[in-house]
There are 2 protein chains.
Amino acid sequence: MRKPSRLTCLELIPLHPTKPKVLGAFLSPVYKQIPNININFEMAEQSLPRAENVLPLTEPPKEGGSEGEKGPSKGALKKAAKEKEKAEKAALRKAAEDAQKKEAEANDVSKNDYGELTLFGTTISSIPGPNDVPWIELETLPETFDSVEHAEGEPHVVFTASVQNARSQSASLAFLVLQHGFETVQGVVAKSETLSKQMVKFAGTTPSQSIVRVHAQVKTPKEPVKSCTIQHLEMHIKKIFIVSKAIPQLPMQVEDAERPLPLEGQEAQTEEGGRPNVGLDTRLNNQVIHLRADQSRAVFHIKDGVEILFTEFLRSKGFVGVKTPKLLGAPSEGGANVFEVTYFATKAFLAQSPQLYKQMLIVANFQKVMEVGPVFRAENSNTARHLTEFTGLDMEMEFKHHYHEVVSLLEELMLYIFSGLRTRYAKETAVVRESYHVEEFKLPEAGKVPRLEFAEGIAMLRAEGVEISDFDDLTTPQEKQLGALVLKKYGSDFYVLDKFPLAIRPFYTMPTNYNPEDPNSGYSNSYDFFMRGQEIMSGAQRIHQAEFLEKRMREHVTPVDPESKGLKDYVNAFRYGCREHAGGGIGLERIVMLWLGLPNIRLASAFPRDPGRLAP
Amino acid sequence: MRKPSRLTCLELIPLHPTKPKVLGAFLSPVYKQIPNININFEMAEQSLPRAENVLPLTEPPKEGGSEGEKGPSKGALKKAAKEKEKAEKAALRKAAEDAQKKEAEANDVSKNDYGELTLFGTTISSIPGPNDVPWIELETLPETFDSVEHAEGEPHVVFTASVQNARSQSASLAFLVLQHGFETVQGVVAKSETLSKQMVKFAGTTPSQSIVRVHAQVKTPKEPVKSCTIQHLEMHIKKIFIVSKAIPQLPMQVEDAERPLPLEGQEAQTEEGGRPNVGLDTRLNNQVIHLRADQSRAVFHIKDGVEILFTEFLRSKGFVGVKTPKLLGAPSEGGANVFEVTYFATKAFLAQSPQLYKQMLIVANFQKVMEVGPVFRAENSNTARHLTEFTGLDMEMEFKHHYHEVVSLLEELMLYIFSGLRTRYAKETAVVRESYHVEEFKLPEAGKVPRLEFAEGIAMLRAEGVEISDFDDLTTPQEKQLGALVLKKYGSDFYVLDKFPLAIRPFYTMPTNYNPEDPNSGYSNSYDFFMRGQEIMSGAQRIHQAEFLEKRMREHVTPVDPESKGLKDYVNAFRYGCREHAGGGIGLERIVMLWLGLPNIRLASAFPRDPGRLAP
């Protein structure tokens, strides 16, 4: 469980605030049958696991022997007598127990106030009327009650929450930590004239992670409840029903998910008082539990935030969101690393990017397009930064004078995302930082994103003694080293590398200074964006004329056939007139990983896919 | 071309308005070499297709004979002499033509003011300085110039546009219709002392759909230009360069794409003055041209609008956007209609919906989730309303008291979308309506969405003489008939059908009134939403307890195995405690099709996929 602090997610999740019309309200029937729900009450009663409904586990003594036709032996008779005696004793014991239970039940003043709800039709109330006890959400509780004078008495509420843990302090007192969203509150179940010991026991033994529906009085504790995020209020429970009972032994604990991922090969090592340091595979195999950790979920709020900021900024610049197909008739980008699909009697291929289609939409006069969608890469890379399915944030646009218009817009976009994350997701970031301590992402001074030419980057590396040719692609360690050099020189974890060598970019890349005598030489109008020395975006000005595009396809280092099934329509599109354009594709999970300093990209995917993982 | 009207898309596309700092500015060098662009000017000159650079198509006369060792015959000699004479004549003619061309070229006062740009590096200007001619976008022109006093002289501008059509009125006058986005303006090229006949000819013969970069003076025409959307201004062209030349014979005309799709089997029939009424396949085969029609593109602005409104509304209610995997380790929803993928050494399957994953995120305490993403259905349905890949708008949420909370929220969501489309996309809708005349979508009175129980729907159909059993699913014609009855009775094209028979819904559906003796009888807490009598959404309360879920999987009409690879993780999730929840999945293309009354869902997909189509 996260160290409690008053972190609410309300900025992000504006739940309908419950009107504080609760003062003076008293327990009125909230569980009632209304015509359009049709709960089978009889069945509901039957499946309540009260004592009288629990079937005896001992079987009734068998009638007669089954030892064949000859009479039983002396030993067998003796054995039978013994068994009979045993069975009689058991029956007596059971009868006594039953009688005791029945008496306990009869004496249980709380018998209608607790229990397990049936496996179906547990939703048995109508929307509460003005005189009903209000149903609230725990997450909006602080706001609701902070603003209410408690003068008229203790307010009653009903809410559903998950049980973080339950413990019996004594036979007459139990405590629960109840959770919803990023909030926890203490629940108190105390024996009284109207609340039985049995109910205290029931509440105190609720399995962790079970979902309960609770009717409670909201009171101010004598001292702040340090173990919860809501510290100035506690819930004095009057009724408690289990909506969904968790199994007693979970495959992993939420508390374990809250600690940072161990380094590779360190799974199952213990730390912090003997708790196992749960490794990535165990976490991902039990992802629904792993995601229950505030740290895990906060990552996905931030991830959603990146998408919100991406679309918000681009829409403000006139972009329109589009959907390009993920099923293609032929591999389009060279044919490598593409997944094949059985498509009725033929084959299809999963799109490795929206590249060709977003360009075709530019041809179709869409002017400025963006897409957020899955991209699929059949790369057998088992690294901490590769996934076979990830989310692409893609954009493509016409420009007026120069592709640097697009580079500038993309820089502005990234700064917008970074500053939006800082201001809108500070709380979620702080939650993640509790597990993953990483240095604050350093942003360049306003509008001064370092934009280096590739040749300049090579020169910086050489000055540090790195041996590298002018037109070689950078290796991952070289990229990281260059990132460190840029950080040192410009004070920014974010920078742009422009004008990559033509030969190491795709066929559709516009050359900067084309030489037909040596067509794969020189530089190109292409760029990569980096965060903390790792690539998050790749983009370029694209060739917008069919003849030149065909030529480039044929003469490229990895040639492709412009007449092929997967490329013909794309090449033809440029025969109908096309404006100069450029764009880029950002890896959403990469931004999240690098912004938060997560050790593995799988932590930025709700259900990650890699060459070895397709489940859950 | 669309009937001209002042339809700008500016509300949707707030392009950076160009500052009207253009008065008094004069032609200053905009094409200049700046250090970080490195245009190879020499090469650019060479590839300009001016007369002097065009290679002669006639081959030089061959030297010597090749008829073997014996001397040539008399006839051969005669033939050779004739050929020599012919060649000499041709050479003379060519020399004369060349001389003429050279003279014309020498006399061409405009020779630097027009031509085709090279196949690469056409982007040769820097961002204009304060004294440069401003580069504008045609789409923002009206706003820019409406607000400017023209007193100081005619403003000069540079812009890029596509040529809708070009015609030579005479040897000294040509007109062009220039387009960008939803705007068109007239361009005038008139011979003068500083503008040659050659340039007039060049401009007047620009192939339609080519992209041109134009330097022009903005003038007020004597009469409004009725053939353009911008009627109060015209462009007096001073320079014109082709950025990208369209082939002379396009596979289909944009004008043809602007007319409505013919009914099935009517392709190639002519109407309206002999133009072919182009059928769906021709359109989709040439989709980049088909999409150039304002009518086609407007559909996708509206489609994007539905997504904007969907996410906007749900975020305001506290939903978080999530990404569920599209690659699954096993078919999860029964195994039918699923595409198989070769996944390294094993198999994967494409997700038919985010159903199981969005529920698992509810288990993981995400509370309210939504997703916009592709869904894949391997259904061999070749109808006007089925696609094999479409966009799902999915949501899933916990609820407090009753699944009708979720139904109400979904109704509110749809009303928000409808009213948002009305107010924000009125112009785009009007553009589509020019081709597809359909009755205005009738909305229910505020907050009064007709919500019928399934049994009520059956009763309404029976009252009309339809023979149907209580628990039969509705056929498509029956759905349409019921839609018409609801419209008649409630005045709404939008309604909800609630409480479907349990037996016809998926295994995860919560029964309303469960009978273990006859487990597939009775109704369920499930609902469909309809527009114009066609289903756009399906949803339900889901079973939130593992034991009951397993039971339902086994006893379902189409049983599935809860222990199977694709379902085990899903079922196990519910053993860790789960709140009551419900949700739904909306087909984005269905909403667009039915809102606009499009005759085929393929018109609502930029690159539609069906059993027979995987390209472009």
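Residues numbered from 1 in each chain as written. Chains lettered and ligands numbered in written order. Predicted model: local features only at pLDDT ≥ 70, side-chain atom pairs only at ≥ 80, totals over all residues. Heavy atoms only, no water.

Draft legend 1. Examining the overall build of chain A more closely. Scanning chain A for helices and strands turns up 16 helices and 19 strands. Expressed as a percentage of the 616 residues in chain A, the buried residues total 57%. Summarising the internal contacts of chain A: among those between residues at least 6 apart in sequence, 72% fall at separations of at least 24. Only carbon and sulfur atoms are counted for the fraction: they give 52% of the accessible area of chain A, which is about 25,900 Å². (Helix = DSSP H or I, 4+ residues; strand = E, 2+ residues; numbered from the N terminus. Buried < 20%, exposed > 50% of the residue type's maximum accessible area, 1.4 Å probe, protein only. Contact = heavy atoms within 4.5 Å. Areas by Shrake-Rupley, 256 points an atom, 1.4 Å probe, with all protein chains shown as cover.)

Draft legend 2. Molecular detail of the side chain of Ser296(B). Position of Ser296(B) among the secondary structure elements: in helix α8 (residues 294-316). When near neighbours in sequence (up to four residues on either side) are disregarded, Ser296(B) contacts Ala257(B), His290(B) and Leu291(B).

Draft legend 3. Focus on the sheet that holds strand β12 (residues 346-350) of chain B. Within the open sheet, the six strands sit side by side as β10(A)-β12(A)-β11(A)-β11(B)-β12(B)-β10(B). Their pairing is antiparallel. Edge positions in the sheet fall to β10 (327-328) of chain A together with β10 (327-328) of chain B, since each of these pairs with one other strand and no more. (Pairing = 2+ DSSP bridges.)

Draft legend 4. Fine view of the relation of the copies chain B and chain A. Between chain B and chain A, the superposition needs a rotation of 180° and an axial shift of 0.0 Å, giving an RMSD of 0.2 Å. Here the two chains are linked by the operation of a two-fold rotation axis. For chain B, the smallest separation between a C-alpha atom and the rotation axis is recorded for Val341(B), amounting to 2.1 Å. Both copies share a contact surface, since 99% of the interface residues of chain B are interface residues in chain A too. (Least-squares fit on C-alpha atoms with pLDDT ≥ 70 in both.)

Draft legend 5. A look at the sheet that holds strand β15 (residues 451-453) of chain A. Residues and elements named next belong to chain A. One open sheet accounts for eight strands, arranged β9-β13-β14-β19-β18-β17-β16-β15; its pairing is mixed. Sheet topology places β9 (320-321) and β15 at the edges, where each strand pairs with a single neighbour. The pairing of strand β14 (residues 389-398) with strand β19 (residues 581-587) spans seven bridges and is classified as antiparallel. Residue pairing across strands places Glu398 opposite His581, the latter belonging to β19. Lying on the sheet, helix α9 (residues 355-363) is in contact with β13 (368-376), β14, β18 (534-542) and β19; it crosses β14 at an angle near 25°. Lying over the sheet, helix α12 (residues 454-463) contacts β15 and β16 (494-498), oriented at roughly 85° with respect to β15. (Axes fitted to C-alpha atoms, helices over the stretch in contact; angles between N-to-C directions.)

Draft legend 6. Geometry of the interface of chain B and chain A. Tallying the contact residues gives 134 residues for chain B and 132 residues for chain A. Between chain B and chain A, the buried area comes to about 11,000 Å², and carbon and sulfur atoms account for 58% of it. Remark: the boundary between chain B and chain A carries eight salt bridges. In this structure, Glu137(A) engages Arg579(B) in a salt bridge whose closest nitrogen and oxygen atoms are separated by 3.5 Å. At the junction of chain B and chain A, the tally comes to 49 residue pairs in polar contact (both at pLDDT 80 or more). (Buried area = accessible area lost by both parts, 1.4 Å probe. Salt bridge = Lys/Arg side-chain N within 4 Å of Asp/Glu carboxyl O. Polar contact = N/O pair within 3.5 Å; in protein donor to acceptor, adjacent residues only side chain to side chain.)

Draft legend 7. Structural detail: the nonpolar core. In terms of nonpolar packing, the biggest core is built from 102 residues, with Met414(A), Tyr527(A), Phe529(A), Met531(A) and Tyr570(B) touching the most fellow members. Leave out the neighbours within four places in its chain, and Phe529(A) touches Val407(A), Leu410(A), Glu411(A), Met414(A), Phe494(A), Tyr495(A), Val496(A), Gln534(A), Glu535(A), Ile536(A) and Met537(A). Counting 101 residues, the second largest nonpolar core, distinct from the first, contains Leu361(A), Ile308(B), Val375(B) and Leu410(B). (Core = buried A, V, L, I, M, F, W, Y, C linked by side-chain atoms within 4.5 Å.)

Draft legend 8. Just the packing of aromatic side chains, in detail. Inspection of every chain in the model, using the stated rule, returns 41 aromatic pairs over all chains. For the pair Phe339(A) and Phe344(B), a centre-to-centre distance of 5.7 Å together with 85° between the ring planes defines the contact as edge-to-face. With Phe339(A) in the loop between β10 and β11 (340-343) and Phe344(B) in the loop between β11 (340-343) and β12, the pair connects residues from two separate chains. By relative accessible area, Phe339(A) is classed as buried at 1%. Here a set of aromatic residues connected by ring pairs shows up, and it is made of Tyr403(A), Phe418(A), Phe441(A), Phe494(A), Tyr527(A), Phe529(A) and Trp595(A). Taking the ring centre of Phe500(A) as reference, the NZ or CZ of Arg505(A) above it sits at 4.4 Å. (Phe/Tyr/Trp six-rings, centres within 6.5 Å; stacked < 30°, edge-to-face > 60°. Lys NZ or Arg CZ within 6 Å of the ring centre and 35° of its normal.)

Draft legend 9. Region of interest: the pattern of salt bridges. By the definition in use, this model includes 59 salt bridges over all chains. The closest approach of N and O atoms between Arg613(A) and Asp281(A), which form a salt bridge, is 3.1 Å. Remark: Asp281(A) occurs in helix α6 (residues 280-285) and Arg613(A) occurs in the segment after α16 (588-596); sequence separation between them is 332 residues. Of the charged contacts, one joins Lys551(B) and Glu555(B) as a salt bridge, the two residues approaching to 3.1 Å between their closest N and O atoms. Here the residue Lys551(B) and the residue Glu555(B) both occupy positions in helix α14 (residues 546-555), the gap between them amounting to four residues, near one helical turn. Of the residues examined, Lys551(B) reaches a relative accessible area of 35% and is grouped as partly exposed. What makes Glu555(B) buried here is its relative accessible area of 18%.

Draft legend 10. Examining unusual backbone geometry more closely. Residue and element names in this part refer to chain A. In the segment running from Ala615 into Pro616, the intervening peptide bond is cis, with an omega of -5°. Looking at the secondary structure, you find Pro616 in the segment after α16. For Gln209, which is not a glycine, the phi torsion comes out positive at approximately 75°. With respect to the helices, strands and loops of the structure, Gln209 is situated in the loop between α4 (197-204) and β5 (211-219). Residue Gln209 is classed as buried on the basis of its relative accessible area, which comes to 4%.

Draft legend 11. Highlighting the pairing of strand β17 (residues 526-531) of chain B. All names here are of chain B. Extensive coverage of β17 is indicated by the burial of six of its six residues. Judged by which residues are buried, β17 turns out to be covered on both faces: Ser526, Asp528 and Phe530 on one side and Tyr527, Phe529 and Met531 on the other are all buried. Relative to β17, strand β16 (residues 494-498) runs antiparallel, the two being bridged by five bridges. Looking across to β17, one finds that Phe494 is bridged to Met531. Examined bridge by bridge, β17 and strand β18 (residues 534-541) share six bridges and lie antiparallel to one another. Each residue of the ladder has a partner; that of Asp528, found in β18, is Ser538.

Draft legend 12. Fine view of the packing of α9(A) against helix α15 (residues 565-573) of chain A. All names here are of chain A. Look at α9 against α15: their axes get within 9 Å of each other, and the N-to-C directions meet at 30°. What the angle tells us is that α9 and α15 run roughly parallel. Crossing of α9 against α15: the hand is left-handed. Contacts between α9 and α15 involve Leu356, Gln359, Met360 and Val363 on the former and, on the latter, Gly566, Leu567, Asp569, Tyr570 and Ala573. The residue inventory of the contact of α9 with α15, partitioned by class, reads six nonpolar, two polar and one charged. (Parallel < 35°, antiparallel > 145°, perpendicular 65-115°, else oblique. Left-handed = near helix turned anticlockwise from the far one by under 90°. Nonpolar A, V, L, I, M, F, W, Y, C, P; charged D, E, K, R; others polar.)

Draft legend 13. Representation of the confidence of the model for chain A. All names here are of chain A. Looking at chain A as a whole, the pLDDT averages 84, with 82% of positions reaching at least 70. A low-confidence stretch, residues 1-69 stays under pLDDT 50, and its non-local contacts, those more than four residues away or across chains, total 142 contacts. Taken as a whole, residues 147-151 scores under 50 in pLDDT and shows six contacts with residues more than four places along the chain or in a different chain. Scored as a complex, the prediction yields pTM 0.85 and ipTM 0.85. (pLDDT = per-residue confidence, 0-100.)

Draft legend 14. How the structure looks around the environment of Ala378(B). Residue and element names in this part refer to chain B. With respect to the element layout, Ala378 can be found in the loop between β13 (368-376) and β14 (389-398). Of the residues examined, Ala378 reaches a relative accessible area of 16% and is grouped as buried. Through-space distance from the C-alpha of Ala378 to that of Lys326 is 14 Å; in sequence the pair is 52 residues apart.

Draft legend 15. Spatial organisation of a positive patch on the surface. Residue and element names in this part refer to chain A. There is a patch of like positive charges on the surface, built from Lys74, Lys78, Lys82 and Lys86. Note that Lys86 resides in helix α2 (residues 74-107). Overall, Lys86 belongs to the exposed group, its relative accessible area being 63%. (Patch = residues over 30% accessible without salt bridge, like charges linked within 9 Å, V, L, I, M, F, W, Y side chains within 5 Å. Lys, Arg positive; Asp, Glu negative; His and termini not counted. Charge placed at Lys NZ, Arg CZ, Asp CG, Glu CD.)

Draft legend 16. Region of interest: the pairing of strand β5 (residues 211-219) of chain B. Residues and elements named next belong to chain B. Taking burial as the measure, the nine residues of β5 include eight buried ones, the bulk of the element. Pairing geometry for strand β2 (residues 156-170) and β5, over seven bridges, is antiparallel. Across the sheet, Ser162 pairs through a bridge with Ile211, a residue of β5. With nine bridges connecting them, β5 and strand β6 (residues 234-244) associate as antiparallel partners. Its bridge partner being in β6, Val212 is matched across the sheet by Ile242.

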